[in-house]
Amino acid sequence: MDRATKIVVTIGPASSDRETLVRMIRAGVDVVRLNFSHGTGQDHIDRAALVREVADECGRKVAIMADLQGPKIRVGKFENGKVDLVSGDKFILDADCQMGTQECVGLDYKGLPRDLKPGDVLLLNDGLIVLKTEKVVGNQIHTVVTIGGVLSNNKGINRQGGGLTAPALTAKDMDDIKTAMGFQADYLAVSFPKNASDMEMARQLANVAGEPFGFKPMLIAKIERAEAIPALQEILDASDGIMVARGDLAVEVGNAAVPALQKRMIKMARACNKLTITATQMMESMIVYAVPTRAEVSDVANAVLDGTDAVMTSAETASGRYPVETVEAMAAICLEAEKSEDFHLDADFLNMQFTRIDQSIAYGALFTAHHLGVKAIAALTESGSTALWMSRHNIDVPIFAITPNLDTCRKVALYRNVRTYELKQSANREQILKDVQDLLLGQGIVQKGDLIVLTWGEPFGQTGGTNSMKIMKIGEY
């Protein structure tokens, strides 16, 4: 598989049967997202087990990402399932309302009235309906409809410009973290974090829940609140990666601001050695059509050229008609976009200061591989850190993370331009180098006479101990 950019897919009713999942993984899925906004805990446990089983059948290391619902602020239910709001109508959001009518509807977040003042603009159903706050009386928010439309049960609410005080982690999220750690989800995506504290709390909860299994997930911060933008650096520092979650973010900051923010976020994340996932409506038309629009093709390609680690599907594969075709189309777009990439590795290293031995070895391997024209870089790694550092720089040489740890294999599945293999390692240096050579030969990655760059740590089996590099000609062992 020559594709560097990884593909994250959301599974749901359209893609949870074995046959479809097999076809999707063979088409190029690298990470499966379980959306905890829908379904029960048992649903996710069952789907995670099926993903693991099918991935093994397909001979692939596929990561699982548990995506927490977070404090998605929604309207309640209506007597008739929906109402049709017309511009100029008066409409009340009432925290005490049990069943909605044409005049009012309930709220799942009872604290919303405390966050609002006259003049605040509320955007419902991803911004399709707009309400302007006229006054707040007790638990009632009195509004006037400025842009109308059909409002149905449980649609989301955002305040233009952000500023809602709902906590990032709800009681449901805390229970869902325990469920996700029960099946050892490789990644935990945290919805609506406002600052580093939100991510630190999620990490603490996940580590405690994972402790009985000796497991710690990697954390992805979903950037979808306006107030997360000025706090982006501290959120990055507290996370393993970010998701450019363009849906709610666009509602809060405006559609026009999102493309530039996407580029800025990806650039910042790469500079901090963090991961990035670009998400929301990437192949939206494929929910109902077998081919994407030209605009969607350009959107995916631009994310690739921005340097994102992964592009993601949502409803396209969860409930759409063409989940397999969506993955195939996305993979083809990524491959084509990557062909046009320029490699300026030397410029990346100007004025760079190395503070760790293992980091220095990683960058030294990149520099050597780029200028020597080697066939592959093989990083023998326990935690995957060396491969992660290498993957932050564009290079026209594939990187292989070779590890004895299955957990590391799966986590590395999200890293841009990194392929992963599980290989048990002995304490004998020469035997390990021979095993790596035989593995790459057996997979058809190299041929006798090819040069590769290897990195490893001595003594073997020590996390964070990469301290050695070797240029090896295939056939030496």
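As shown above, the structure is provided for reference.
Now for a look at the structure at hand. (Residues numbered from 1 in each chain as written. Predicted model: local features only at pLDDT ≥ 70, side-chain atom pairs only at ≥ 80, totals over all residues. Heavy atoms only, no water.)

**Describing the overall build of the protein**
So, step 1. The helix and strand tally for the protein stands at 16 helices and 21 strands.
So, step 2. Expected size for 477 residues packed as a compact globule is a radius of gyration near 23 Å; at 24 Å, the protein falls within 12% of this value.
So, step 3. With the C-alpha coordinates of the protein rotated into their principal frame, the extents come out at 80 × 50 × 45 Å.
So, step 4. The burial tally for the protein puts 56% of its 477 residues in the buried class.
So, step 5. For the protein, restricting intrachain contacts to residue pairs at least 6 apart in sequence, the fraction spanning at least 24 positions comes to 68%.
So, step 6. If you average the places of the 51 positive and of the 60 negative side-chain charges in the protein, the two averages end up 1 Å apart. (Helix = DSSP H or I, 4+ residues; strand = E, 2+ residues; numbered from the N terminus. Rg over C-alpha atoms; globule rule 2.2 N^0.38 Å. Buried < 20%, exposed > 50% of the residue type's maximum accessible area, 1.4 Å probe, protein only. Contact = heavy atoms within 4.5 Å. Lys, Arg positive; Asp, Glu negative; His and termini not counted. Charge placed at Lys NZ, Arg CZ, Asp CG, Glu CD.)

**Here we look at the sheet that holds strand 19 (residues 418–422)**
Each strand in a sheet pairs with another by means of backbone hydrogen bonds, the pair being arranged parallel or else antiparallel.
So, step 1. Spatially, five strands are ordered 19-18-17-20-21 in an open sheet, and the strand pairing comes out mixed. Of all the strands in the sheet, the pair left with one neighbour each is strand 19 and strand 21 (466–473). Neighbour-to-neighbour, the strand axes of this sheet turn through a mean angle of 20°, independent of strand direction.
So, step 2. In this fold helix 13 (residues 357–372) packs onto strand 17 (376–380), strand 18 (399–403), strand 20 (451–457) and strand 21, with an angle of close to 20° to the strand it touches most, strand 21. (Pairing = 2+ DSSP bridges. Axes fitted to C-alpha atoms, helices over the stretch in contact; angles between N-to-C directions.)

**Quick notes on the packing of helix 1 (residues 18–27) against helix 2 (residues 41–57)**
So, step 1. Where helix 1 meets helix 2, the closest approach of the two axes is 10 Å, and the angle between their N-to-C directions is 55°. With respect to helix 2, the axis of helix 1 lies oblique. As for how helix 1 packs across helix 2, the hand of that crossing is right-handed. Contacts between helix 1 and helix 2 involve Arg18, Leu21, Val22 and Ile25 on the former and, on the latter, Leu50, Val51, Glu53, Val54, Ala55 and Glu57.
So, step 2. Considering only residue class, the contact of helix 1 with helix 2 consists of seven nonpolar, no polar and three charged. (Parallel < 35°, antiparallel > 145°, perpendicular 65-115°, else oblique. Left-handed = near helix turned anticlockwise from the far one by under 90°. Nonpolar A, V, L, I, M, F, W, Y, C, P; charged D, E, K, R; others polar.)

**Quick notes on the packing of aromatic side chains**
So, step 1. This model, assessed by the stated rule, comprises one aromatic pair.
So, step 2. Their ring planes at 20° and their centres at 6.1 Å tell us that Phe400 and Tyr421 sit as a pair that is stacked. Placement of the pair is Phe400 in strand 18 and Tyr421 in strand 19, with a sequence separation of 21 residues.
So, step 3. One residue, Lys411, lies across the ring of Phe215, its end atom 4.9 Å from the ring centre. (Phe/Tyr/Trp six-rings, centres within 6.5 Å; stacked < 30°, edge-to-face > 60°. Lys NZ or Arg CZ within 6 Å of the ring centre and 35° of its normal.)

**Considering the packing of helix 4 (residues 171–182) against helix 5 (residues 196–210)**
The angle between the axes and the distance between the axes are what describe a pair of packed helices.
So, step 1. In the contact formed by helix 4 and helix 5, the axes pass within 9 Å of each other and the chain directions differ by 45°. On the basis of the axis angle, helix 4 is oblique to helix 5. As for how helix 4 packs across helix 5, the hand of that crossing is right-handed. For the pair helix 4 and helix 5, contact is made by Met174, Ile177, Lys178 and Met181 and by Ala202, Leu205, Ala206, Ala209 and Gly210, respectively.
So, step 2. Class assignment for the residues of the contact of helix 4 with helix 5 results in seven nonpolar, one polar and one charged.

**Observations concerning the side chain of Lys411**
So, step 1. When you line up the elements, Lys411 lands in helix 15 (residues 406–412).
So, step 2. Buried within the structure, Lys411 lacks any salt-bridge partner; its nearest side chain of opposite charge belongs to Asp407, at an N-O separation of 5.7 Å.
So, step 3. Contacts of Lys411, omitting those with residues within four sequence positions, involve Asp186, Tyr187, Phe215, Lys216, Pro217 and Met218. (Salt bridge = Lys/Arg side-chain N within 4 Å of Asp/Glu carboxyl O.)

**Structural notes on helix 1**
So, step 1. Looking only at helix 1, the buried set comprises Thr20, Leu21, Val22, Met24, Ile25 and Ala27.
So, step 2. Tucked into the core, helix 1 has its buried residues touching strand 1 (6–10), helix 2, helix 10 (315–318) and helix 11 (323–339).
So, step 3. Directly after helix 1, the chain includes Gly28, whose backbone phi takes a positive value near 130°.

**Notes on the state of the cysteines**
So, step 1. Overall, the coordinates contain zero disulfides when judged by the stated rule.
So, step 2. No disulfide involves Cys58; its sulfur sits 16 Å from the nearest other cysteine sulfur, which is in Cys409. (Disulfide = S-S within 2.5 Å.)

**Remarks on the pairing of strand 5 (residues 90–94)**
So, step 1. By the bridge criterion, five bridges tie strand 5 to strand 9 (residues 140–147) in an arrangement that is antiparallel. Looking across to strand 9, one finds that Lys90 is bridged to Val144.

**Remarks on the side chain of Ser15**
So, step 1. Within the secondary structure, Ser15 sits in the loop between strand 1 and helix 1.
So, step 2. By relative accessible area, which is 0% here, Ser15 ends up buried.
So, step 3. Within the structure, the side chain of Ser15 is placed 2.7 Å from the backbone oxygen of Thr317, a separation counted as a polar contact.
So, step 4. Here Ser15 is in contact with Thr10, Thr20, Leu21, Met24, Thr317, Ala318 and Pro323, once residues within four sequence places are set aside. (Polar contact = N/O pair within 3.5 Å; in protein donor to acceptor, adjacent residues only side chain to side chain.)

**Examining the sheet that holds strand 3 (residues 63–67)**
So, step 1. Around the barrel, which closes on itself, the eight strands sit in the order 1-2-3-12-13-14-15-16 with parallel pairing between neighbours. Across the sheet, the mean angle from the axis of one strand to that of its neighbour is 25°, orientation sign disregarded.
So, step 2. One ladder, built from three bridges, connects strand 1 with strand 2 (residues 31–35); its direction is parallel. When the bridges of strand 2 are listed, Val8 appears paired with Val31.
So, step 3. Packed onto the sheet, helix 2 meets strand 2 and strand 3 and runs at close to 170° relative to strand 2.

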